[in-house]
Amino acid sequence: KTRQCKRLFPTFAFVKRIFPYLLLLLATFTSYAQLPDSVLQKMQSMDTAILIKGHLEAAVLLQGTKDSVYKQHLKDALWLARLTNNKRQMSKVYNQIGVDAYYRNDVHSALSYMDSAALAAMELGDSAQVARNWNNIGSVYYVIGNYNKSLEFYLKSLRYSEILQSPDLIMAYMNIGMLYREI
């Protein structure tokens, strides 16, 4: 009996953690069923950044499990970010789609989305996000064996991370170390 309770407890904790996002998703799905004008009116009264973040976090939770639901969350997040011209969220969504493409070994899509993420972050002046995106782009080039391009992006990421004293600085150093070990 206690084993059953112990097995149920993590399930309840998981449900408790994702419950707010499920409510956000429910609100989003119900608004999709309405006419486009009423969707736009509803969105103006809601904080779309929270909806986008909910879709992104739901996608991350579902990554590797339910591919179609995972991709739908990413599409919804991107649609909302584009609709509201939210560059910060667009950068994060593009980056997540790029990371997903990277894990699927679709390097051309990964580079395209990660580049879009970096451009959106540059438009915002979000140097930390630009550094993360460049680090990710360097990783894609590393995987395909283009070590010169990989080093170029790792060094760009390192420069930004040093200026910002960002925690991403460690990742940049680790990636450059792995690259030199490979060469």
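Each remark here, short or long, concerns the structure printed above.
On a predicted model such as this, the values are computed, not experimentally measured, just so you know. (Residues numbered from 1 in each chain as written. Predicted model: local features only at pLDDT ≥ 70, side-chain atom pairs only at ≥ 80, totals over all residues. Heavy atoms only, no water.)

### With respect to the overall build of the protein
Each helix and strand in the protein was counted, giving nine helices and zero strands. Walking the protein from its N terminus toward its C terminus, one meets helices and strands in the order α-α-α-α-α-α-α-α-α. The contacts of the protein with a sequence gap of at least 6 include a subset with a gap of at least 24, amounting to 52%. Put simply, the protein shows about 11200 Å² of open surface, and 59% of that area lies on carbon and sulfur atoms. (Helix = DSSP H or I, 4+ residues; strand = E, 2+ residues; numbered from the N terminus. Contact = heavy atoms within 4.5 Å. Areas by Shrake-Rupley, 256 points an atom, 1.4 Å probe, with all protein chains shown as cover.)

### What to know about the pattern of salt bridges
Per the counting criterion, the structure on display carries six salt bridges. In this structure, Asp-100 engages Arg-104 in a salt bridge whose closest nitrogen and oxygen atoms are separated by 3.0 Å. By relative accessible area, Arg-104 is classed as partly exposed at 42%. Linked by salt bridges that have partners in common, Lys-149, Glu-152 and Lys-156 make up one network. (Salt bridge = Lys/Arg side-chain N within 4 Å of Asp/Glu carboxyl O. Buried < 20%, exposed > 50% of the residue type's maximum accessible area, 1.4 Å probe, protein only.)

### As for a nonpolar patch on the surface
Together, Tyr-160, Ile-163 and Leu-164 make up a nonpolar patch on the protein surface, roughly 300 Å² of accessible area in all. Structurally, the position occupied by Ile-163 is in helix H8 (residues 147-164). Assessed through its relative accessible area of 71%, Ile-163 is described here as exposed. (Patch = residues over 30% accessible without salt bridge, like charges linked within 9 Å, V, L, I, M, F, W, Y side chains within 5 Å.)

### Comments concerning unusual backbone geometry
Notably, Asn-85 is not glycine yet its phi reads approximately 55°, a positive angle. Along the chain, the position of Asn-85 falls in the loop between helix H4 (67-83) and helix H5 (87-103).

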